[in-house]
Each structure stands twice: as structure tokens, then as C-alpha cells.
Amino acid sequence: MSDVLSSRRVRVWLPVAVILTILFAFGARYDALPSAPTGWSKAGSSGTLPPSGGGVSLATEPNVDWSRFAYTQYVTDSHYLCNSVMLFERLQHVGSRADRVMMYPAPMLENPDATDGGSSDDARLLIKARDEYGAKLVPITVQRRASADKTWAESYTKLLAFNQTQYDRVLSLDSDSVLLQNMDELFLLPPCPVAMPRAYWLYPETMILSSQVMLVTPSEVEFGHVMDKINQAGRDDYDMEIVNYLYKDSALVLPHRPYDLLTGEFTLDEDKHRWYLGSDTEEWDPVKVFNEAKFLHFSDWPVPKPWLGMSDSVRQSKQPKCHVKDGVESCAEREIWLGIYREFVERRKRVCGRVAGEPLRRRRFSS
Ligand SMILES: *[C@@H]1O[C@H](CO)[C@@H](O)[C@H](O)[C@H]1NC(C)=O
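Residues numbered from 1 in each chain as written. Predicted model: local features only at pLDDT ≥ 70, side-chain atom pairs only at ≥ 80, totals over all residues. Heavy atoms only, no water.

1. Thoughts on the site of the ligand
Right, on to step 1. In the vicinity of the ligand, the contacting residues are Leu160, Asn163 and Phe223.
Right, on to step 2. Contact distances for the ligand include 2.2 Å between an oxygen atom and a side-chain N or O atom of Asn163.
Right, on to step 3. Within the complex, the protein chains bury 37% of what would otherwise be the 360 Å² of accessible surface of the ligand. (Near = heavy atom within 4 Å. Polar contact = N/O pair within 3.5 Å; in protein donor to acceptor, adjacent residues only side chain to side chain. Areas by Shrake-Rupley, 256 points an atom, 1.4 Å probe, with all protein chains shown as cover.)

2. Observations concerning the packing of helix α4 (residues 78–93) against helix α12 (residues 332–352)
Each pair of packed helices gets described by two things: the angle between the helix axes and the distance between those axes.
Right, on to step 1. At a minimum axis separation of 10 Å, α4 and α12 run at an interaxial angle of 95°. It follows from the interaxial angle that α4 and α12 lie roughly perpendicular. Side by side, α4 and α12 meet where His79, Cys82, Asn83, Val85, Met86, Glu89 and Arg90 of the first sit next to Glu343, Phe344, Arg347, Arg348, Arg350, Val351 and Cys352 of the second.
Right, on to step 2. Here the contact of α4 with α12 is composed, by residue class, of six nonpolar, two polar and six charged. (Axes fitted to C-alpha atoms, helices over the stretch in contact; angles between N-to-C directions. Helix = DSSP H or I, 4+ residues; strand = E, 2+ residues; numbered from the N terminus. Parallel < 35°, antiparallel > 145°, perpendicular 65-115°, else oblique. Contact = heavy atoms within 4.5 Å. Nonpolar A, V, L, I, M, F, W, Y, C, P; charged D, E, K, R; others polar.)

3. As for the sheet that holds strand β10 (residues 295–297)
Right, on to step 1. In space, the three strands of this open sheet follow the order β5-β10-β9, with mixed pairing throughout. The open sheet is flanked by β5 (177–179) and β9 (261–262), the only strands paired with a single partner.
Right, on to step 2. As paired strands, β5 and β10 are joined by three bridges and run antiparallel to one another. What sits directly across from Leu179, in β10, is Phe295. (Pairing = 2+ DSSP bridges.)

4. A closer look at the pairing of strand β6 (residues 194–197)
Right, on to step 1. With burial as the criterion, each face of β6 is covered, one bearing Val194 and Met196 and the other bearing Ala195 and Pro197.
Right, on to step 2. Note: β6 against strand β7 (residues 213–216), two bridges, orientation antiparallel. Bridge pairing links Val194 to Val216 in β7.
Right, on to step 3. Taken together, the three bridges between β6 and strand β8 (residues 252–254) define a ladder with parallel strand orientation. Its bridge partner being in β8, Ala195 is matched across the sheet by Leu252. (Buried < 20%, exposed > 50% of the residue type's maximum accessible area, 1.4 Å probe, protein only.)

5. Brief notes about the packing of aromatic side chains
Geometry of an aromatic ring pair is reported as the spacing of the ring centres plus the angle between the planes.
Right, on to step 1. For the coordinates displayed, the defined rule picks out 13 aromatic pairs.
Right, on to step 2. Ring geometry for Phe298 against Phe344: centres 5.1 Å apart, planes inclined by 80°, an arrangement best described as edge-to-face. Placement of Phe298 in the loop between β10 and α11 (312–318) and of Phe344 in helix α12 is noted, with a sequence separation of 46 residues between them.
Right, on to step 3. Judged by relative accessible area, which is 1%, Phe298 ranks as buried.
Right, on to step 4. The class of Phe344 is buried, set by a relative accessible area of 1%. (Phe/Tyr/Trp six-rings, centres within 6.5 Å; stacked < 30°, edge-to-face > 60°.)

6. Notes on the state of the cysteines
Right, on to step 1. Tallying each qualifying case throughout the model produces two disulfides.
Right, on to step 2. Cys82 shares a disulfide with Cys352; S-S distance 2.2 Å. Note on the Cys82 and Cys352 pair: the S-S dihedral is about 100°, so by sign convention the disulfide is right-handed. One end of the pair, Cys82, is in helix α4; the other, Cys352, is in helix α12, and 270 residues separate them in sequence. For the pair Cys82 and Cys352, a shared accessibility class is recorded, and that class is buried.
Right, on to step 3. Cysteine pairing for the chain (bonded cysteines numbered in sequence order): 1-4, 2-3. (Disulfide = S-S within 2.5 Å.)

Following this line, the structure appears as C-alpha cells:
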């Protein structure tokens with residue numbers, strides 16, 4: 001037998017045969033490419049977008065104990081509560097199998113098991129997230145530090161993901177976003193303290209990892225490091241700076257394509273897409289890019305976030321331009337972009353019963 005194994009021919013062909021057998025045995029998975037969620041494409045203006053071809057889904061993996069994994073959301077105020085509930089609605093829609101953890105300011109709902117939210121909209125929405133979208137409610141203290149920009153002063157709260165040690169792995173997704181496809185396969189990546197995509201939109205001037213999507217291995221030790229850094233944070237240090245200080249050299253880098261796309265990508269000039277595409281030869285195809293994306297983050301400065309409502313004048317001046325190519329006019333970017341904003345506004349009303357642009361009683365929660 002050892003003679004046979006050491007013969008040159010077998011040494012070459014045995015590994016090939018093994019690989020072919022594996023490919024054959026698991027080949028069925030390649031037929032199960034995820035497709036763009038049906039509810040989504042209907043809501044967009046172009047209902048004829050082709051199904052997605054982005055990435056092979058490992059979510060059909062048998063023998064995975066999905067209860068060891070969770071998506072995490074952190075809530076600091078009523079707006080973000082609604083965004084997080086909307087994200088959980090998407091997770092349910094795409095059939096995600098991992099748990100869903102909602103870290104919310106304890107005063108919003110004193111008893112996470114309560115069945116009656118009383119007169120508080122926030123409490124009722126939390127109960128809905130728990131009962132309809134399977135959210136596990138985890139009361140927390142909002143982590144706030146005196147810093148220059150109010151928008152992000154509470155973003156440290158996101159880093160409480162490191163403290164969710166009841167899970168082996170958690171995936172923190174920024175809630176000013178749309179989940180377009182299931183991302184459960186990320187939980188099955190090789191072990192690492194943190195996995196994040198690059199902030200491709202800041203390249204090449206600033207090379208930094210983005211904390212919009214953050215796969216975290218919760219641990220007491222790592223959480224200790226994170227809290228130390230938060231407590232030493234300078235005026236311009238937010239959650240993203242902190243995780244970069246700690247993990248920029250040890251993080252597993254996730255491909256931003258398809259895991260982190262900005263809405264602003266659709267408003268860029270044709271020659272500016274190579275940082276997203278990761279190539280200066282690939283042709284920009286907005287429909288393909290939209291269909292492969294799994295996670296889309298609202299970022300269109302100075303266009304306000306979608307729950308604040310967009311005035312007609314802002315829409316007119318900021319929406320993507322149509323362009324003529326090979327004698328044919330295309331408005332694909334515009335249709336996709338407007339469709340994304342419109343879908344968010346409709347879903348917000350359906351999930352939270354809230355109308356975009358309507359002022360909420362501004363409530364702050366702190367200990
Ligand atoms: C971290 O988790 C522990 C255990 O659940 C909890 O007692 C503690 O308050 C948490 N720390 C913070 C800052 O939330």
C-alpha cells in the first residue's frame with residue numbers, strides 16, 4: 001500500500017480526486033445562490049432587477065448550532081430603536097438563523113419580559129421586536145463620553161458587543177442601513193478577535209477598517225481592552241477609531257464587496273468606482289453591484305438620513321444623474337438610489353408605524 005501511495009502518479013491524482021469528490025458532494029450548494037429578497041425588488045422602482053449572484057451561501061451548512069451566534073443592535077434613542085427593529089425585520093425576512101440581540105437603554109423598558117408597553121411607544125416597539133422578530137432584549141447603559149461631535153458621542157455603545165459573552169460570535173451591523181441578503185455565513189469564518197471590512201470610501205487617503213459591519217468574538221479580556229480605550233478616548237476618537245487602534249493589525253479583513261456598500265456609491269462619477277470595485281478594469285454596473293450587495297449603509301452627505309425625510313429640492317440636486325452611454329440614456333443609478341430611500345420610508349411606516357421626517361419627542365437615556 002505504501003508503495004502505491006508513494007508512486008508519483010497517485011501522489012498527483014489522489015488530492016485531485018479528493019477535491020473533485022468534495023466538489024461533487026457539496027456541489028448542490030452552488031445551486032442555492034441567494035437571490036435578492038422578493039419584497040425588496042418589488043418596492044424598488046425597477047421590479048425587473050435580475051436575481052443576485054453575490055457569494056456562495058454557507059447558511060445551509062448542517063450541524064451548525066446557530067444559537068451560539070447573534071446579530072447585535074444597540075439603541076441610543078427612539079430613532080435608532082426603530083432602525084434596529086427594521087433591521088431585525090429584514091433578518092427575519094431573509095431567513096437568518098442566528099439569534100438577534102437588542103441592546104437598549106434600560107429605562108426604555110424596565111422589565112425585558114413585560115407584555116404591556118403601556119403608553120410608551122418605545123416600550124411597545126421593543127415588545128414587538130421581541131415577540132414578532134425574535135429579538136432578545138438586553139438592557140444596557142448607553143456609553144457616552146464627552147466628545148466633539150454629538151452624532152457619534154454615543155457610538156461607544158456599539159462596543160458593548162464585546163461584552164455579549166453568552167455568544168461565541170456576534171455580528172454588529174449599523175442600523176442606518178438596509179440588510180439586502182442573508183449574511184449568516186460570516187459566523188462560520190475562521191476564528192479571529194474581530195473581522196471588519198475596509199472603509200473603501202476613504203481610500204486611498206485614509207486606510208482604516210469600518211465598524212459599520214463588525215464580527216466580534218466576545219470576551220472578557222477583549223472587552224476590558226475596549227473599555228480601557230473608551231476611557232482614554234480623545235475628542236475625535238469614536239467607536240471606529242477605537243477598534244482600529246486595537247485591531248487594525250490583527251483583524252480579519254472582510255471583503256467590503258458585498259458586505260459593505262454605501263448608498264453614496266450610486267451618486268459618484270463613473271471614474272470613481274474603482275475603490276468599491278477593487279479594480280480599475282472592471283466596468284461599473286450599478287444593477288450588478290446592487291444585486292450582489294448584502295448590506296447597504298445610508299451615507300449621502302449632505303442628504304439627511306432617510307428617517308429624517310428628504311425635501312424635493314435636496315432630492316432634485318442630490319439624486320444621481322442620468323447619463324448617456326453608447327447613445328442610450330441610462331438612469332439606473334437614480335432609480336436604484338430613489339428606490340432604496342423610498343423602500344426605507346415605506347418599511348419604516350409598516351414596521352414602526354412612524355412617518356419619516358415627523359419629529360419624535362427627543363428622549364435621551366442615561367443612567
Ligand atoms: C458586561 O456584561 C456583564 C455580564 O452580563 C454585566 O454585568 C456588565 O454590566 C456589562 N458591562 C457593561 C458596561 O455593560
